[in-house]
Amino acid sequence: MILKLLSEAQDILGDDKLIVALDSSGETGKAIKERMEGAEKTMKEIREATELFRPVATRGAILYFVVADMALIDPMYQWSLQYFVGLFVLRMQKCEQSEDVHKRIELLIEDITRNVFLGICRGIFEDHKMMFSFMITANILRQDTKITPMEWLFYLRGAEAALGVLEDFEPTPHPDWCEEHVWRTVSVLDGVAAVEGSGCAGLAKDIQANSAEWKSFVTADDMCSRPFPKNWDSKLTWFQRMLVIRSFRENFGNIATRNFVGGELGKLYTESPPFDLIGSYEDSNSCSPIIFVLSAGADPTDQLLRLAKSKGFDERLHMISLGQGQGPKAEAMVAQGVEDGDWVCLQNCHLAGSWMPTLERIQEQMDPDKVAEEYRLWLTSMPSSLFPVPVLQSGIKITNEPPKGLKANMKGSFATLSEEKYESSPKARAYKKLVFATCFFHAVILERRKFGPIGWNIQYEWMDSDREVSIEQVGMYLASQEGIPFETLNYCVAKVNYGGRVTDDKDVRLISAILRGYFREELLDDSFKLTPLDTYYAPPEGTLAETVEYLESLPLDEDPRVFGLHQNALITAQVGQVRDFLATVTSVQPRISSSGTGKSSEEIVTDMAADLLDRIPNLGSKKQAHAKTFEMTESGMVSLGVFFGQERVSFEILHKKVKASLEVLGRAIKGLVVMSSELEDMFNNFLLQKLPKAWAKAAYPCLKPLASWVQDFMDRIGFMNRWLLEGPPMSFWVPCFFFPQGFMTAAMQMHARATKIAIDDLVWVTDVTSTKEPGELTGPASSGVNVHGFFLEGCGWNDADGLAESEMGVLFVSLPVVWLKPTKRSELVADKEINNVFRTSPPGYLCPLYKTSERKGTLSTTGHSTNFVMYAELRTSSSQDHWICRGVALLCMLDT
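Everything numeric in this text was worked out from a predicted model, so none of it was measured.

Trainee: Would you mind showing me how to read the sheet that holds strand β18 (residues 845–850) here?
Mentor: Backbone-to-backbone hydrogen bonds pair the strands of a sheet. The strands run either parallel or antiparallel. A sheet is described by the order of its strands in space; here five strands give the open sequence β14-β11-β20-β18-β19, paired in mixed fashion. The strands lining the two open edges of the sheet, one partner per strand, are β14 (812–814) and β19 (868–874). Pairwise comparison of adjacent strand axes, ignoring direction, gives a mean angle of 30° for this sheet. Looking at chain direction, strand β11 (residues 791–793) and strand β20 (residues 889–891) are connected through three bridges and run antiparallel. When the sheet's bridge partners are listed, E793 is paired in β20 with A889. This element, helix α23 (residues 505–516), spans β18 and β19 of the sheet and lies at about 145° to β18.

Okay, here's the thing in C-alpha cells:
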C-alpha cells in the first residue's frame, strides 16, 4: 500500500494521504514489536513452566511404559495410550490445588502415581501386583540415578554380573558360616559396587572383620526386619539393602522387595487394593465394557447380582455363557441391551475364541449417541491370547480371585453350609467331624500348590463342586450304613471325586495319603489333631456358629507342617517365588548395554563364546575304546555296551551343536555371517546366563543356569570318556545319561543273561551303602550295579535309620552310593497301590526318582512321566504315608 502511494505521489512532502499512511505504519510496526516482545516473554514463561512441570511429565512417561510392559506378562494386561492420557488429565484436574508451584508439582506426582497404581492394580492378579509396584519404584529410582546401572545389572544377573566388569575375579576365602556360592555372590556385589563407588563397596571386607555380628544377622529368621550390623543401615539405600539380603538369603528376596517398595514409595504400594466392583461401575460408561479377568475357583456372579439388585437392575440383567452356538444369541442380547439400556453379561469369553472377532466388531461400531446411557456390558474370561486387544484396552478390567490361605478357604467352605444342612444327619457327631475333615482336606490340597513341585507334581484346579459332592456322599453313607465306612469314603473322596482330576500317578498316591490322615477312627476323638500342631483339630460337636467361631481363631500364616510338609518346604517355596519374580522382571527388560562401565554386550558374549570353545573337551574316539566297553559275547555285544553306544551318539549330536554354534556366534558378532534368530536368542541368553533354546533342544533335561550347565556338560563328557577309555566304572553316574531308564534295563539284562533268569521275573532292590563317594569303592558290585549322584529332597539321611527329618535350612542331601540288586519278584511283596512295583519286607519308602526338580513331565507310553526314572525303596522307621506327604523324592541333579 505504501509502495503504491509512493509511486503515485507527485509531491511526497505535500501528499497528506501518504504522510498519514507512513505515520500509521510506524505505529503498527511499534505495536508489532511490542507484541513480539510480549510473545517472546510469554514463550519464555511457557518454557519455564514446561521445565518446571517436566518432573510430572517424566513421572507420567515412566508409569506409562511400566503399564505397557505388563502386557508382556499376561495378554489380558492391556491399557491403551488414550486410556492412560485420559487418566493423567483427569488427575491433573482433580488433584489438590496449591499456590506454591513446587508444592503443586509434588502433589501432582504423588496423586498421579497413586491413582495409576490403584487403577491398574484392580485389573491384575495378586501375584503380579507386587511386581507392578516394584517396577514402578525401580524405574523411578533408575530415572533419578538413585539405582546405578551396575546395581541394576547385579539385580538381574546376580554373581554373573562380574562378566565383562571384574577381570580375573576371585573372591577371598569365605567365612566358615557362609556357603561358597553365597560368598561369591556377596563378593561380586562388593566388586561391582566398587567400580561405581556405590554404597556396597567394602562389604566383603567388613563382613570378614566383623564375622560374628554378620553371622548373627544373616542367620536370623527376622533378618529383613533387623538393623544391619555396624552403621551399614546409614550407608545403604533401600535397594542396596535388598541386594545384600537377597545375596545371603535368596528365600527372603520377596520380603526384601516389599521392604524396598514400602521404604521408597510408602506402605500403600505394598498392599493390594480391595476388590471394588462399585468403583469400577462408577468409572465405566455405556461404551466401555467391564471385564472380569478370572482365575481358577473364582466366580464373580454373586457380586454382580448383588450390584444389579442395589442399582435396581436385578430384573434387567441378562446373562449368557458363551460356547458353541451361543454367539448369535449373545449378539442379539447385546443389541437389545443397547436399545433398552439393560445390563448384559457374557460369561466365559475364553471358550468362544471364534466369536471374539464379532465381539470386537460390536464394540468398535458402538455409537455413544445411539447407545442407552444405562447400558453396561459385563464380560468374564480366563486369561486368553484370543481376547480382542481393542476391547481390553477400551474396557475396565477387574481381577477376581478366590481367597488365599487355609483359614480363608475353610471360612469360605463353611459359608456355603446352612444351619439346616449342618444339623441334617442322624449321626450328628460323626457327620460334623467328617464335614470339617473334608473342608480341611479341600483347603490343604489347594494350599499345597504354593509349595511348587514338592507340594504337587502338577498344579491341579480342584473346584468347590468337588468338596460339595464329597460332603453329600458323607451324609449319604452315614445315613445308609450302620457304621462309618472310612475305607469307602477314603476311596470315593480321594480317588473318585478329587482323584478324577489328578493325572500324575505320584499325585494320586499323595492325595490318598493326605486323606487317610483325616478320615480315620481317631477323628471322632475330640483330642485328635489333624496336624502335628495342636492348633488344628475337628472341634467338638456344636452349632455351625461355634465351628465358624473356632475358624476365626486359626492363624493367618500357616506352618508347612499343617500341609504335611517339613518347615524347609517354606524355604523351597520362597526361593521358587523369588526366581519366578526375577525371571518375569528380566523378561520385560530390553537388552542391557554396558552403560559405559566395563565391556560392551558384544565383547562379553564374544569372550564367553571363545572361552567355552577352549574349555569344552572333545569326546574320545571310538577307536581308543577299552576292550570291556564294547565287549562282545556269543550272543552279541553286552547290553551296557549297546546302551553306552546309544548315549555316546546323543552326546556327539549335542557336542557338535554346541561347538558349531559357538564358532558361528563369534563370527556373527563380528559381522562375518548373518545373525539369525537362533544366534540372536543365543546371544541374549548368554547375557542372561540362560541355556540357549537351540542347545536345550539337543540336550538332556536340565534347569541349571548357563555357567552351571556348561560345567555339568563338561563333567558328563569326562565321565563318558573315562567309561570309553577305561572300561565300565565301579559305580555309574546315572544322572549323566540322556535316558537313565535305558541304563536300568541294560544293567538288568546283563544280570538276566548271566544268571539265565527271565528279565520279566527280576526287579531292582535298592540298598543304600555307607560309601559316601564312588572313589572309595574297591571293586564293582557282586551282582547288579553300583550307582551314585542322587540327591534327596524333603528329608535327610543317616546310615543307621535311613530316611530322617531334614535339618533346618538344609534343602537337599547327597545320597551315598546305591547298590542296585536284581531280585526275583517271587522273593518280594507286590505293592497294593502301585502296579508292577514290588517291595521288601519290612517295607521301606517307595521314593520316586526324577531327572529334574520340576518333577512333572509329559505322559509317556509307559504310563509314567518322562521326568520319572524309577521307584527306589529306601529304609525308614516311619510310615510310608509320612514321607509321601513330605513330598520326599530323589533327584538326578540340582538347579544350581
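Having seen the model, we can carry on.
Trainee: What is the right way to look at the nonpolar core in this model?
Mentor: The nonpolar side chains of a soluble globular protein tend to be buried, and buried together. Counting residues in each nonpolar core, the largest one holds 134 residues, and the members touching the most others are W695 and W709. Considering every element that reaches this core, the biggest residue donor is helix α20 (residues 428–447), with 13 residues. Among all residues touching W695, those that are not within four sequence positions of it are L612, L654, K657, V658, S661, L662, M682, F686, L706 and W709. Core analysis: the second largest hydrophobic core is formed by 106 residues, F132, M135, A162 and L189 among them.

Trainee: Just to check I follow, could you spell out the pairing of β18 for this structure?
Mentor: Put simply, side chains in a regular strand alternate between the two faces of the sheet. Burial analysis of β18 places six of its six residues in the buried class, the great majority of the element. Every second residue of β18 is oriented toward a common face, with Y845, C847 and L849 on one face and L846, P848 and Y850 on the other, all of them buried. The pairing of β18 with β19 spans six bridges and is antiparallel. By the bridge assignment for β19, L849 is matched with M870. Note: β18 against β20, two bridges, orientation parallel. Opposite Y850, over in β20, you have L891 as the bridge partner.

Trainee: What is the right way to look at the side chain of S284 in this model?
Mentor: Following the sequence through the fold, S284 ends up in the loop between α13 (277–283) and β1 (290–294). When its relative accessible area of 8% is taken as the criterion, S284 is described as buried. A polar atom in the side chain of S284 sits 2.6 Å from the backbone oxygen of Y281. Polar side-chain contacts of S284 include one of 3.0 Å to the side chain of R376.

Trainee: Quick question: what am I supposed to make of α20 here?
Mentor: Three- or four-residue spacings in an α-helix give side chains the same orientation, since the helix completes a turn every 3.6 residues. For α20, which comprises 20 residues, the first-to-last C-alpha distance of 28 Å matches the rise-based estimate of 28 Å (1.5 Å per residue) to within 8%. Summarising burial for α20: 19 of the 20 residues are buried, a large majority.

Trainee: Explain the pattern of salt bridges here, please?
Mentor: This model, assessed by the stated rule, comprises 41 salt bridges. The shortest N-O distance in the salt bridge between K129 and E126 comes to 3.5 Å. Of this pair, K129 and E126 both sit in helix α5 (residues 126–143), three residues apart, which is roughly one turn of that helix. A salt bridge links E331 to R361; the nearest nitrogen and oxygen atoms lie 3.1 Å apart. Highlighted residues: E331 in helix α15 (residues 327–340) and R361 in helix α16 (residues 356–364), separated in sequence by 30 residues. You can call E331 partly exposed: its relative accessible area is 29%.

Trainee: I keep staring at the sheet that holds β1 and nothing clicks. Help me out?
Mentor: Taken in spatial order, the five strands make up an open sheet running β2-β3-β4-β1-β5, and their pairing is parallel. Here the strands that pair on one side only, and so sit at the sheet edges, are β2 (317–321) and β5 (396–400). Strand-to-strand twist in this sheet, taken as the mean axis angle between neighbours without regard to direction, amounts to 20°. Note: β1 against β5, five bridges, orientation parallel.

Trainee: What is the right way to read helix α9 (residues 211–218) from this model?
Mentor: The set of residues buried in α9 consists of W214, F217 and V218. Projection of α9 onto a plane perpendicular to its axis shows the buried side chains occupying an angular sector of 90°, all on one side. Buried positions along α9 lie against α8 (203–209), α10 (232–235) and α11 (238–248).

Trainee: Where do I start with the pairing of strand β10 (residues 785–788) in this structure?
Mentor: The two faces of β10 match: V785 and V787 on one face and N786 and H788 on the other face are all buried. In the sheet, strand β8 (residues 731–733) pairs with β10 via three bridges, with the strands oriented parallel. Its bridge partner lying in β10, W733 is registered against H788. Two strands pair when backbone bridges link them, and β10 and strand β15 (residues 818–824) are joined in this way by three bridges, in the antiparallel orientation. Within β15, the residue paired with V785 across the bridge is L820.

Trainee: Would you mind showing me how to read the environment of L849 here?
Mentor: Take L849: it is sitting in strand β18. When the C-alpha atoms of L849 and M870 are compared, they prove to be 5.5 Å apart, with 21 residues separating the residues in sequence. Each residue touching L849, except ones within four places of it in the same chain, is listed here: F790, N867, F868, V869, M870, L890, L891 and C892.

Conventions adopted
- Residues numbered from 1 in each chain as written.
- Predicted model: local features only at pLDDT ≥ 70, side-chain atom pairs only at ≥ 80, totals over all residues.
- Heavy atoms only, no water.
- Pairing = 2+ DSSP bridges.
- Helix = DSSP H or I, 4+ residues; strand = E, 2+ residues; numbered from the N terminus.
- Axes fitted to C-alpha atoms, helices over the stretch in contact; angles between N-to-C directions.
- Contact = heavy atoms within 4.5 Å.
- Core = buried A, V, L, I, M, F, W, Y, C linked by side-chain atoms within 4.5 Å.
- Buried < 20%, exposed > 50% of the residue type's maximum accessible area, 1.4 Å probe, protein only.
- Polar contact = N/O pair within 3.5 Å; in protein donor to acceptor, adjacent residues only side chain to side chain.
- Expected span 1.5 Å × (residues − 1).
- Salt bridge = Lys/Arg side-chain N within 4 Å of Asp/Glu carboxyl O.
- Arc of directions from axis to C-beta.

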